[in-house]
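Structural overview
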Amino acid sequence: MADSVTLVVDVGNTHTVLGIFKGTKVVDYWRLTTRKETTSDEVMNRIGGLLRFSKINPEEITHVGLSTVVPALERPWIKALDSLLKKHVQVVNSKNCLGLKIEYQNPSMAGADRLCNVIALREEGLKNGVVVDMGTATTFDVMKDGAFVGGVIIPGINASLDALTEKAARLLPVTIEWPENVVADNTDDAIRAGLLYGFLAQLEVLIGKIKKEVGCEDLPVYATGGWGKTIARRTTLIDKYDPFLTLRGIRLVAVKGNSVAEVERDTEEE
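Note that the coordinates shown come from a computational prediction; the quantities given were computed from them, not determined experimentally. (Residues numbered from 1 in each chain as written. Predicted model: local features only at pLDDT ≥ 70, side-chain atom pairs only at ≥ 80, totals over all residues. Heavy atoms only, no water.)

Comments concerning the overall build of the chain
- When helices and strands are tallied, the chain shows seven helices and eleven strands.
- If one aligns the C-alpha atoms of the chain with their principal axes, the spans along those axes are about 75 × 45 × 35 Å.
- Counting the 270 residues in the chain, one finds 50% classified as buried.
- The contacts in the chain between residues at least 6 apart in sequence include a share of 58% that link residues at least 24 apart.
- Within the structure as shown, the chain displays about 14,300 Å² of accessible surface, and the carbon and sulfur contribution to it stands at 48%.
- Here the chain carries 32 positive and 36 negative side-chain charges, and the mean point of each set is 4 Å from the other. (Helix = DSSP H or I, 4+ residues; strand = E, 2+ residues; numbered from the N terminus. Buried < 20%, exposed > 50% of the residue type's maximum accessible area, 1.4 Å probe, protein only. Contact = heavy atoms within 4.5 Å. Areas by Shrake-Rupley, 256 points an atom, 1.4 Å probe, with all protein chains shown as cover. Lys, Arg positive; Asp, Glu negative; His and termini not counted. Charge placed at Lys NZ, Arg CZ, Asp CG, Glu CD.)

Some thoughts on the environment of V183
- Relative to the helices and strands, V183 is located in the loop between α4 (157-167) and α5 (187-214).
- Considering only alpha carbons, one finds V183 and I119, 64 residues apart in sequence, at a separation of 41 Å.

Brief notes about unusual backbone geometry
- Despite not being glycine, K86 has its phi angle at roughly 55 degrees, a positive value.
- Within the secondary structure layout, K86 lies in the loop between α2 (74-85) and β5 (89-91).
- In this model, L98 sits at a positive phi of 60 degrees, which is unusual for a non-glycine residue.
- As for its placement among the helices and strands, L98 is situated in the loop between β5 and β6 (101-102).

What about the sheet that holds strand β3 (residues 25-33)?
- With mixed pairing, five strands are arranged side by side in an open sheet as β3-β2-β1-β4-β5. In this open sheet, the two strands that pair with only one neighbour each are β3 and β5. This sheet shows a mean twist of 20 degrees between the axes of neighbouring strands, independent of strand direction.
- With eight bridges joining them, strand β2 (residues 15-22) and β3 adopt antiparallel strand pairing. Along β3, the bridge assignment pairs I20 with D28. (Pairing = 2+ DSSP bridges. Axes fitted to C-alpha atoms, helices over the stretch in contact; angles between N-to-C directions.)

A look at the packing of α4 against α5
- Running from N to C, α4 and α5 cross one another at 140 degrees; their axes reach a closest spacing of 10 Å. As α4 runs across α5, the sense of the crossing is right-handed. Residues I157, S160, L161 and L164 of α4 pack against I191, L195, L196 and F199 of α5. (Left-handed = near helix turned anticlockwise from the far one by under 90°.)

Regarding the side chain of T34
- Within the secondary structure layout, T34 lies in the loop between β3 and α1 (40-51).
- Of note is the side chain of T34, whose polar atom sits 2.8 Å from the backbone oxygen of G12.
- Of note is the side chain of T34, whose polar atom sits 2.8 Å from the side chain of T16.
- Excluding residues within four positions of it along the chain, T34 makes contact with V11, G12, N13, T14, H15, T16 and L73. (Polar contact = N/O pair within 3.5 Å; in protein donor to acceptor, adjacent residues only side chain to side chain.)

Written out as structure tokens, the structure reads:
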């Protein structure tokens, strides 16, 4: 729907990303800290504050989509979005992913964000491909013959740094930036080299193995997520970086999906 105005929400473990699409174009975008314990009223207050500064009037919004990997936050977000926008909330799940075939042992365990990545990839006209989504965890989401066939999950860069500095008493957190050399002559750069070049090596090996298993050496590789741009610049194996890829998948479900989002509504006795 070219004239649709869609609010999409991607609730991740560390950050929650909101975007507004006019047709297929992103016109507003926000990144918030995910609060694991929050109420629908708190969510509504946060969204309302953002929308006041948006280029889009809330009354223009025609569709609403939600993806979350934090089950406890699904209901507060549904209720807040419904109350604020008075629009049905399309929730991404294994039963509402636009006919995407899911070749996973337990389809309901496939992360909603991973399904959105593959849905967006399919919308690009591809039947085979992989999305490397670099967030709290880094996922490799593989599409083969138009189906989500699974992939790989590894710790993200920040999570790896947190684990390293938490377990090693003499290692302190560092800013994460590319050191000039892999062989570092100081502890901070040694940590940076291990995190970034080590992650890059993991990525390139895994992409090679995925291509071999899928049987497609020219398998398109897309990158997204908070670290996607930083890593994509350092390898020739990533064909395209799209910071909004997951949101694009949510938008498609919001516009074309058919989920039933149950919302607890407050009632007053007369």
